[in-house]
Amino acid sequence: MADTLAGMGPRLRTAREQRGATLTGVSRTTGISLSTLSRIETGRRKPTLEVLLRLAKAYDISLDELAGTVPVAAAGPRSRMPQRPGGDKVVLPLTRYVGGLHAHKHVLPAVDAPPARPRQASHDGYEWLCVLYGRLWLALGEQDLVLSAGEVAEFDTRTAHGVANAGPGGPVEYLIMFGPQGERLRPAHPSIRITS
């Protein structure tokens, strides 16, 4: 993860320059201060997940591309994502697990037909989930929710839960922040709330 973060600044600068954007313009678009953007691009500051999500949206690229974890052939517009059904879920760790909050990106493959209700499990902890692409079926206790790109769910994982591609139509990408001892996300600034 340290190597990924170390290379993040140059990748963010490249993504911005490829779009012909200035730091000032990106600051206006995202609400991230000019000084923060500059320090991140020069490697003097590590970006938070919240900042990366805003920048990925502004540059219309995936977190994998920003982190440098996507093979070159797989990078590019989301419309080029493989649409073939089947295959297994892909889980990409975004943090090194040493206890406390940790993050993963999950990709569920495309499906040909509506799936059966997701199998549920429960365990100690607290989870924050954000859909990046596609439609995710979240079975939470007795509730069935379908979340689209940009929508977020938070829940105590002692409540039985499970997920599936709400399909058919393509793969689903989503982020998970999980606190095994029930840790919850805290906003960087109490007056700022990000919504879709």
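Structure shown above.
Residues numbered from 1 in each chain as written. Predicted model: local features only at pLDDT ≥ 70, side-chain atom pairs only at ≥ 80, totals over all residues. Heavy atoms only, no water.

S.K.: Explain the pattern of salt bridges to me, please; I cannot follow it from the model alone.
M.R.: Pairs may arise between side chains of opposite charge once their charged atoms sit close together. What the rule picks out here adds up to 4 salt bridges. A salt bridge links Arg16 to Glu41, with the nearest nitrogen and oxygen atoms 2.7 Å apart. Here Arg16 is found in helix α2 (residues 8-18), whereas its partner Glu41 is found in helix α4 (residues 34-41), with 25 residues between them in sequence. (Salt bridge = Lys/Arg side-chain N within 4 Å of Asp/Glu carboxyl O. Helix = DSSP H or I, 4+ residues; strand = E, 2+ residues; numbered from the N terminus.)

S.K.: Any chance you could explain the sheet that holds strand β6 (residues 152-156) here in plain terms?
M.R.: Hydrogen bonds along the backbone pair up the strands of a sheet, which may run parallel or antiparallel. With antiparallel pairing, 5 strands are arranged side by side in an open sheet as β1-β2-β8-β3-β6. Strands at the two margins of the open sheet, each flanked by one partner only, are β1 (90-93) and β6. With strand direction ignored, the average angle separating the axes of adjacent strands in the sheet is 20°. In the sheet, strand β2 (residues 102-108) pairs with strand β8 (residues 172-179) via 7 bridges, with the strands oriented antiparallel. Bridged to His102 within β8 is Phe178. (Pairing = 2+ DSSP bridges. Axes fitted to C-alpha atoms, helices over the stretch in contact; angles between N-to-C directions.)

S.K.: Just checking my understanding: could you explain the sheet that holds strand β5 (residues 143-148) for this structure?
M.R.: Taken together, 3 strands build an open sheet; the order of strands is β5-β4-β7 and the sheet is antiparallel. The sheet is open, and its two edges are formed by β5 and β7 (161-165), each paired on a single side. Neighbour-to-neighbour, the strand axes of the sheet open up by a mean angle of 25°, direction not taken into account. One ladder, built from 5 bridges, connects strand β4 (residues 135-140) with β7; its direction is antiparallel.

S.K.: Teacher, can you tell me more about the side chain of His106 here?
M.R.: Positionally, His106 belongs in strand β2. Here His106 falls in the buried class, since its relative accessible area comes to 9%. Residues contacting His106, with those up to four places away along its chain left out, are Lys89, Val90, Val91, Val172, Glu173, Tyr174 and Ile176. (Buried < 20%, exposed > 50% of the residue type's maximum accessible area, 1.4 Å probe, protein only. Contact = heavy atoms within 4.5 Å.)

S.K.: I keep staring at the side chain of Glu127 and nothing clicks. Help me out?
M.R.: Within the secondary structure, Glu127 is located in strand β3 (residues 126-133). Each residue touching Glu127, except ones within four places of it in the same chain, is listed here: Ala153, Glu154, Phe155, Thr157, His161, Ile176, Met177 and Phe178.

S.K.: Quick question: what am I supposed to make of helix α5 (residues 49-59) here?
M.R.: In an α-helix, one turn spans 3.6 residues; hence positions three or four apart end up facing the same way. Residues of α5 that are buried: Val51, Leu52, Arg54, Leu55, Ala56 and Tyr59. In the segment just after α5, Asp60 is the residue with positive phi, at about 55°.

S.K.: What am I meant to see in α4 here?
M.R.: Buried within α4 we find Thr36, Leu37, Ile40 and Glu41. For α4, the angular spread of buried residues about the axis comes to 130°, placing them on one side. Buried residues in α4 make contact with α2, α3 (23-30) and α5. Following α4 by one or two positions, Gly43 adopts a phi angle in the positive range, close to 80°. (Arc of directions from axis to C-beta.)

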